[in-house]
Amino acid sequence: MTSYNLTHLQQLEAEAIFIMREVAAQFERPVLMFSGGKDSIVMVRLAQKAFHPARFPFPLLHIDTGHNFPETLEFRDNLVNELGERLIVRTVQDSIDQGRVAEEKGPNASRNALQTVTLLDAIEEFSFDAAIGGARRDEEKARAKERFFSHRDEFGQWDPKNQRPELWYLFNGKKSIGEHFRIFPLSNWTEMDVWQYIARENLALPTIYFSHDREIVARNGMILANSPHITLGDKEKVETRRVRFRTVGDMTCTGAVESVAHSIDDIIAEVAAARVTERGGRADDKRSETAMEDRKKQGYF
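First things first, this report covers the structure right here in the doc. Worth saying up front: this structure is predicted, and the values here are computed from it rather than measured.

## Focus on the sheet that holds strand S10 (residues 257-258)
Spatially, four strands are ordered S8-S7-S9-S10 in an open sheet, and the strand pairing comes out antiparallel. The sheet terminates laterally at strand S8 (222-225) and S10, the two strands that pair on one side only.

Below is the structure:
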């Protein structure tokens, strides 16, 4: 893959497109994870560039916790309709109803970790052998250990000490029956790269990424969106602040930041000055020092 005379973004784009085409060539039943968040929106644009004018060689898959932001779900459905691609949705609520997982209790209850079972069940249901996602190495220390092609055993588990070398962009997709891979084409991207790419491509986004007035609950140094899914503590109260979200996910654990960024240029300037990572406001990552790695070993994306 030649980088001669390519800009930084063009190199990252070419790398990601190359990896997507490798997935289409090596695997029989890949799937693209799509939540309606900024990283998965970038992934969709890259898939368009990788396979145009053909349709995607894989469906889209969203694991819905049932506690997602309504703005994100509306954007997800509108974009899928515009693309004309197939979207598969599997819900954590169904996993709860089937007795596959148990709802957490208490003021800090969240469904975020429960979606691991729903995801693994969906992979088994459709016999997916590669799940493509928008995770990046700069997000969190456990993410930094990932390869582009991340092997999962027959139980969907990740062993960070048993991953294949990836020299000269040669990817080993060999697997045994029941095993699969998680694929991360954006591994070398940063949050800033994502926003600059969104600006370059003029991509539409859910409104929650931009500054807006919202009812929030301040909890343990985080700003959580007020919703029916949050149980208020004795000293907690609902107030209105001007915020935006740097990442999207389950409303019970996705923290907002106070912001006046109304445009992508504003966001780029804000990210450049930030001293906290975008997942620094995620309650699910604060449960322990190794919270993300523990979840990934169990099959979390």
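## Focus: the sheet that holds strand S5 (residues 149-152)
Strand order in the open sheet made by the six strands is S3-S2-S1-S4-S6-S5, with mixed pairing throughout. Strand pairing shows two members of the sheet lacking a second neighbour, strand S3 (87-91) and S5, which therefore form its edges. Strand after strand, the sheet turns through a mean of 30 degrees between neighbouring axes, direction not considered. Pairing geometry for strand S4 (residues 130-132) and strand S6 (residues 180-183), over three bridges, is parallel. When the sheet's bridge partners are listed, Ile 132 is paired in S6 with Ile 183.

## With respect to the packing of helix H1 (residues 8-26) against helix H6 (residues 191-201)
Packing of H1 against H6 brings their axes to within 11 Å, and their N-to-C directions diverge by 95 degrees. Of the possible angle classes, the one that applies to H1 and H6 is roughly perpendicular. Contacts between H1 and H6 involve His 8, Leu 9, Gln 10, Leu 12 and Glu 13 on the former and, on the latter, Asp 193, Gln 196, Tyr 197, Arg 200 and Glu 201. For the contact of H1 with H6, the per-class residue count stands at three nonpolar, three polar and four charged.

## A look at helix H3 (residues 70-83)
The terminal C-alpha atoms of H3 lie 20 Å apart, and with 14 residues this matches the ideal 20 Å at 1.5 Å per residue to within 8%. Of the surrounding elements, those touching the buried residues of H3 are helix H2 (38-51), strand S2 (60-64) and S3. After H3 finishes, the residue Gly 84 shows a positive phi value of roughly 75 degrees.

## Some words on the packing of aromatic side chains
Two aromatic rings are characterised by how far apart their centres lie and by the angle between their planes. Enumeration over the complete set of coordinates arrives at 15 aromatic pairs. Ring centres 6.1 Å apart and planes at 90 degrees place the aromatic pair Phe 18 and Tyr 169 in the edge-to-face group. Of the two residues, Phe 18 is situated in helix H1 and Tyr 169 in the loop between S5 and S6; the sequence distance between them amounts to 151 residues. The exposure class assigned to Tyr 169 is partly exposed, which follows from its relative accessible area of 32%. Between Tyr 169 and Phe 171, the aromatic rings sit 6.3 Å apart at their centres with planes inclined by 75 degrees, giving edge-to-face as the arrangement. Overall, Phe 171 belongs to the buried group, its relative accessible area being 9%. One residue, Arg 137, lies across the ring of Phe 148, its end atom 5.0 Å from the ring centre.

## Focus on unusual backbone geometry
For the bond from His 52 to Pro 53, the omega torsion is 10 degrees, close enough to zero to count as cis. For Pro 53, the location among the structural elements is in the loop between H2 and S2. Of note in the backbone geometry, Ser 127 takes a positive phi value of approximately 55 degrees without being a glycine. Among the secondary structure elements, Ser 127 is positioned in the loop between helix H5 (115-126) and S4. A relative accessible area of 46% means that Ser 127 is categorised as partly exposed.

The rules behind the values
Residues numbered from 1 in each chain as written. Predicted model: local features only at pLDDT ≥ 70, side-chain atom pairs only at ≥ 80, totals over all residues. Heavy atoms only, no water. Pairing = 2+ DSSP bridges. Helix = DSSP H or I, 4+ residues; strand = E, 2+ residues; numbered from the N terminus. Axes fitted to C-alpha atoms, helices over the stretch in contact; angles between N-to-C directions. Parallel < 35°, antiparallel > 145°, perpendicular 65-115°, else oblique. Contact = heavy atoms within 4.5 Å. Nonpolar A, V, L, I, M, F, W, Y, C, P; charged D, E, K, R; others polar. Expected span 1.5 Å × (residues − 1). Phe/Tyr/Trp six-rings, centres within 6.5 Å; stacked < 30°, edge-to-face > 60°. Buried < 20%, exposed > 50% of the residue type's maximum accessible area, 1.4 Å probe, protein only. Lys NZ or Arg CZ within 6 Å of the ring centre and 35° of its normal.

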